[in-house]
Amino acid sequence: MADSPSTAYARPRPFVTTLNKPHWDALREHRLSMQRCDDCGHVRFPPGPWCTECHSRASTWTDLSGRATLNSFVVFHRAYFAAFDDAVPYNVAEVTLAEGPRLLADVVGVANEALRGGMDLEVVYDDVADDLTLARFRPVGGP
Amino acid sequence: MSWELGDRTAVCGIGQSAYGRSLGRSAIDLAADAIGNAATDAGLTPADIDGMVVTFGSPLGADADTLAQTLGLDLRFYNQTWAHGRFTATAVQHAALAVAAGMADVVACLAAVSFSARVRRPRPPQPAGTPKRPKLGGSSDAEGAREGGGGHGEDPVYGMTSPGAGAALVAQKYFDRYGATSAQLAEVPVAFRAHASLNDDAIMREPLTIEDHQSSRLVCAPLHLFDYCLVNDGAAAILVTTAERARDLAQPAVTLAAWEPLPAGRREFIWSYPGFGIAQQQDTDYRAPGPSEGIYGRAGVDRGDIDALFTYDAFSIVAWLALERWGYCEPGEAAEFTTGGRIGPGGELPMNTHGGLLSEAHVMGWNHQIEIVRQLRGQAGPRQVPGAQHIQWANVYGDSIIYRAAGRG
C-alpha cells in the first residue's frame, strides 16, 4: 500500500484532534510516541488532557520501545468497507505495549492462522499515504 | 449502603409491535403500537403517560420529543440516550427515579427501530459482484468515526468496525485464556433458540444445533453468524410508575426490588468485566459480588433465589461474561456452566426465555423487560418458569435490576 498516493488512499482515515495529533505526527517520523505523566510516570493511551492515574496535567510525549505482546485479535471474513474488500480475511489485533497501554493495530508478516495470544511483536511503520503512516506489528525476528 | 427505593416503583404495563426482518413501517408507527399496547395492558390510555425515556433514537430509531409531538403526548419529563443498546437498565432506573421523585406519574420506556427503512434509502446502482454491506459497521459506522473511536472498540482505520468485532476480540481472549471453544459457545445460541421455539413472536423459531452453528459462516472470527443477534424492525415499551399506583391498575404489579447503575471508566469495556484485560482494562483476577452482597443484599434475596436470568445478548459470548460478572459461576467456568441445558427451557437457571436478541428480536433489551414482567405475572404461557418470584436483568457491562413479583394490591 505504500505506493498509494494520498489522494488514492481509500480506507478510513484517523480522526485527528488536538489531543492525538502528536501521536499521528510521530508516526510520520516512524516513532511510536505517547504521553508519559511528569508526576507519576504513567504512560497513557488514548491521548488525553490529564493523567488517567493521578490527574496531573503535566506530561511529556515520549518515544516507546515498539515492543508488544498480542493481547487478542479478530479476523474479518465480512467486507464492511469497500476499501477492505481485497483484504478479506484480514486481522485486527489489540496489542499490549511493553510500556503498558494497549493499542489497536494489525499484525503483518504472519498468516492469520498462525496468530497466537501472547506472541511477542514489534512495531513496523507503514507509510500508506503521503500524509499518513500506520503502526503495524510483526512477530519479533520475523520478516 | 442504605437503600430506600426498594419496591417503591413498579412496571405496570408492557407492550410491543410486531417484530420482523422488514416490516415496511416507520419507527414512529411501530412505537405507537408498543406504547398503545402498554397503556391498554395497564388499564391506562396514552393520555396517562407523562414521562418517557428512549434508548435508541435517530437515525435508526424514533426520538422521544418527536414521539411526544406525533403521538399527542404531554410529557412532564423525558430523556434519551445516544443510539446505543446498552442503556436499557439506565432508562428504567431514570424512570423509577422520576416517578419516585414526583417528576412524572407514568413513564414509558422504549425503543422503536426500523433497520429496514434505513437500508431501503436510495443508493446509486452498484456493479455486479459488489459485496452486500452489513446494516451496522462499515461506511455507516458512526460509532467508530467519532472522537476517541467507538464504544465497542471500533477503529475504522484498521477496518475494525461493528459492535460484533469488539465481542469477537473478547471471545478470542476468552478462548486463549481458558481453553474454551467455539463449539462450547454455541450452547448459548442453541439454548436461546430452544426458548424461542416456544415463542410465537420470535423471528427465529426453527431448531438450531451445535453443528448448524459450527457450519455457519464466520463473520468476525472467532464469532460465527449464529453468535450474532438479529437486526430487525420492531418496538417494545414498558410503563413505570410507583408501586402504590401499580397496585390499583389492571395487572399484577412487578416491582423494582433493587438495581445497580451502569459504570464507566478504564476498568470497563462494554463486552467484558473489570480485570478481563481488553482495551485499557487491567489483566487481573475478577471477584464477583457474593451471593448476598450488593444488589442481592439490597433486594433482600440470595443469588440462589433468582428464578431466571436475562441479559443483553447482542453476541453469544457476552452471556458467558455476564454469568461470570454476576457470580453465577467463576471466571472461566461459563463454558461448562452453559452445557447440559442449564440455561435452556426447564433448566436450573433459564436465561432469556423469549429467545433474546439472538432469536426473538433486537429491540434494545425492551423485549427482555417485557418477558421478565410476563414471567413474574405468570403470563409466559408455554415458557413459564414455574413460580417465578425474582428475575434479574444483569449485563456484562455491569448494570442490573432485580424485579420482584408483587402480585395484586
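Parameters and conventions
- Residues numbered from 1 in each chain as written.
- Chains lettered and ligands numbered in written order.
- Predicted model: local features only at pLDDT ≥ 70, side-chain atom pairs only at ≥ 80, totals over all residues.
- Pairing = 2+ DSSP bridges.
- Helix = DSSP H or I, 4+ residues; strand = E, 2+ residues; numbered from the N terminus.
- Axes fitted to C-alpha atoms, helices over the stretch in contact; angles between N-to-C directions.
- Core = buried A, V, L, I, M, F, W, Y, C linked by C-beta atoms within 7 Å.
- Buried ≥ 20, exposed ≤ 12 C-beta atoms within 10 Å, placed from the backbone.
- Domains from an automatic or database assignment.
- Contact = placed C-beta atoms within 7 Å.
- Nonpolar A, V, L, I, M, F, W, Y, C, P; charged D, E, K, R; others polar.

A short note on the sheet that holds strand S7 (residues 233-242) of chain B
Residues and elements named next belong to chain B.
Link 1 in the chain: Judged by pairing direction, the sheet is mixed, and its nine strands sit side by side in the order S3-S2-S4-S7-S1-S8-S11-S10-S9 without closing on themselves. The open sheet has two free edges, formed respectively by strand S3 (77-80) and strand S9 (308-310), since each of these has just one partner strand. In this sheet, neighbouring strand axes are inclined to one another by 25 degrees on average, regardless of whether the strands run parallel or antiparallel.
Link 2 in the chain: As paired elements, strand S2 (residues 51-54) and strand S4 (residues 107-114) share four bridges and run parallel to each other. Counted as the bridge partner of Met52 is Ala108 from S4.

Some points on the nonpolar core
Link 1 in the chain: Counting 162 residues, the largest nonpolar core has Val107(B) and Leu110(B) as the members making the most contacts within it.
Link 2 in the chain: The greatest single-element share of this core, amounting to nine residues, is contributed by helix H1 (residues 27-42) of chain B.
Link 3 in the chain: Here this core spans two domains, and each of domain 1 (18-63) and domain 2 (65-143) of chain A adds at least three residues to it.
Link 4 in the chain: Residue contacts for Leu110(B): discarding those within four places in its chain leaves Ala31(B), Ala34(B), Ile35(B), Val54(B), Ala235(B), Ala236(B), Ala237(B) and Trp366(B).

Describing the domain arrangement of chain A
Residues and elements named next belong to chain A.
Link 1 in the chain: As far as domains go, chain A holds domain 1 (18-63) and domain 2 (65-143).
Link 2 in the chain: Computed from C-alpha atoms alone, the centre-to-centre distance between domain 1 and domain 2 is 21 Å.
Link 3 in the chain: Counting residues at the interface gives eight residues for domain 1, matched by nine residues for domain 2.
Link 4 in the chain: Among the elements of the structure, helix H1 (21-28) and strand S2 (43-44) are those that each provide at least two residues to the side of domain 1 that touches domain 2.
Link 5 in the chain: Considering only residue class, the side of domain 1 that touches domain 2 consists of five nonpolar, one polar and two charged.

So, the environment of Gly102(B)
Link 1 in the chain: Here Gly102(B) is to be found in the loop between helix H3 (88-100) and S4.
Link 2 in the chain: In sequence terms Gly102(B) and Ile306(B) are 204 residues apart; their C-alpha atoms lie 30 Å from each other.

A few points about the pairing of S3(B)
Residue and element names in this part refer to chain B.
Link 1 in the chain: In S3, alternate side chains face the same way, and those of Tyr78 and Gln80 are buried while those of Phe77 and Asn79 on the opposite face are not.
Link 2 in the chain: Sheet analysis places S2 next to S3, joined by four bridges and oriented parallel. Pairing of Gly51 across the sheet is with Phe77, part of S3.

A few points about the sheet that holds strand S3 (residues 59-63) of chain A
Residue and element names in this part refer to chain A.
Link 1 in the chain: As summarised here, the arrangement of the three strands in space is S2-S1-S3, forming an open sheet in which the pairing is antiparallel. Taken across any chain shown, the strands that pair with only one partner, and hence form the sheet edges, are S2 and S3.
Link 2 in the chain: When strand S1 (residues 33-37) meets S3, the two strands line up antiparallel, connected through five bridges. Each residue of the ladder has a partner; that of Ser33, found in S3, is Asp63.

Let's talk about the interface of chain B and chain A
Link 1 in the chain: On the side of chain A, 31 residues touch chain B, which itself brings 34 residues to the contact.
Link 2 in the chain: Only helix H5 (163-178) and strand S5 (218-221) of chain B provide two or more residues apiece to the side of chain B that touches chain A.
Link 3 in the chain: Of all the elements, H5(B) adds the most residues to the side of chain B that touches chain A, at six residues.
Link 4 in the chain: The sheet contact formed by strand S4 (residues 67-76) of chain A and S5(B) spans two bridges and is antiparallel. Bridged to Phe76(A) within S5(B) is Cys220(B).

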